[in-house]
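Report on the structure
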Amino acid sequence: MKEKGFAVYKSKYGNIKIEYDDDKITCLKKIYNNEAGKKTTLTDQVNNELLEYLGGKRKSFDFEYKLIGTEFQIKVWEALCDIPYGETRSYKEIAEAVDSPKAYRAVGMANNKNPITFAVPCHRVIGSNGELVGYAGGIEMKKSLLDMEKKNK
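So, a few notes on the structure that sits alongside this text. Please read all numbers here as calculations on a predicted model, not as lab measurements. (Residues numbered from 1 in each chain as written. Predicted model: local features only at pLDDT ≥ 70, side-chain atom pairs only at ≥ 80, totals over all residues. Heavy atoms only, no water.)

1. Quick notes on the layout of surface pockets
Here the largest pocket is characterised by a volume of approximately 330 Å³. Considering the residues around the largest pocket, the lining is formed by 21 residues, among which Asn 111, Asn 112, Thr 117, Ala 136 and Gly 137 are closest to the centre. Elements supplying a minimum of two residues to the lining of the largest pocket: strand S3 (24–31) and helix H4 (104–112). For the lining of the largest pocket, a count of residues per class yields 11 nonpolar, seven polar and three charged. (1 Å grid on protein atoms, 1.4 Å probe; cavity = no way out; pocket = protein on both sides within 12 Å on 5 of 7 lines; lining within 4 Å. Points joined across faces, edges and corners; volume = space filled by probe spheres on them. Helix = DSSP H or I, 4+ residues; strand = E, 2+ residues; numbered from the N terminus. Nonpolar A, V, L, I, M, F, W, Y, C, P; charged D, E, K, R; others polar.)

This is the structure in structure tokens:
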């Protein structure tokens, strides 16, 4: 029997929502409300991995996830997963990696719709000039994540 649901956990960045569809994560992101949901063994595992990551003790995630989006969005999100821990790429470099060299704005929009932040590391994408731009969790959170990764690389 398929089970869908979500749970919300507190983190140093605020509330983090973990949604699942059966045994795969479909959403992992910061939220700005006080939903609760129902914690499960799976959501506890994901939260534990996230806490290890945020503590600089984990560089990748073991939980399975399912990307839900357009074909282009999924290509972009898969390309984000190729960015090594502690490194960055520009929106233009990601556009080139998905064979759409002029679609760097569309890459930005795909990043904005990324349902599985942290594990699909959209925070590792920066402007061509090296500036930290555009992050759904806020620029301070993006800077904090990049600084933590560089420190623990």
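2. Some details on the pattern of salt bridges
Inspection of the entire model under this criterion finds 12 salt bridges. For Glu 49, the salt bridge goes to Arg 58, with nearest N and O atoms at 3.7 Å. A salt bridge links Glu 87 to Lys 153; the shortest N-O distance between them is 3.6 Å. Of the two residues, Glu 87 sits in the loop between helix H2 (71–80) and strand S4 (89–90) while Lys 153 sits in the segment after helix H5 (139–152), which places them 66 residues apart along the sequence. The exposure class assigned to Lys 153 is exposed, which follows from its relative accessible area of 55%. When salt bridges with common partners are traced through the structure, they connect Glu 49, Glu 52, Arg 58 and Asp 62 into a single cluster. (Salt bridge = Lys/Arg side-chain N within 4 Å of Asp/Glu carboxyl O. Buried < 20%, exposed > 50% of the residue type's maximum accessible area, 1.4 Å probe, protein only.)

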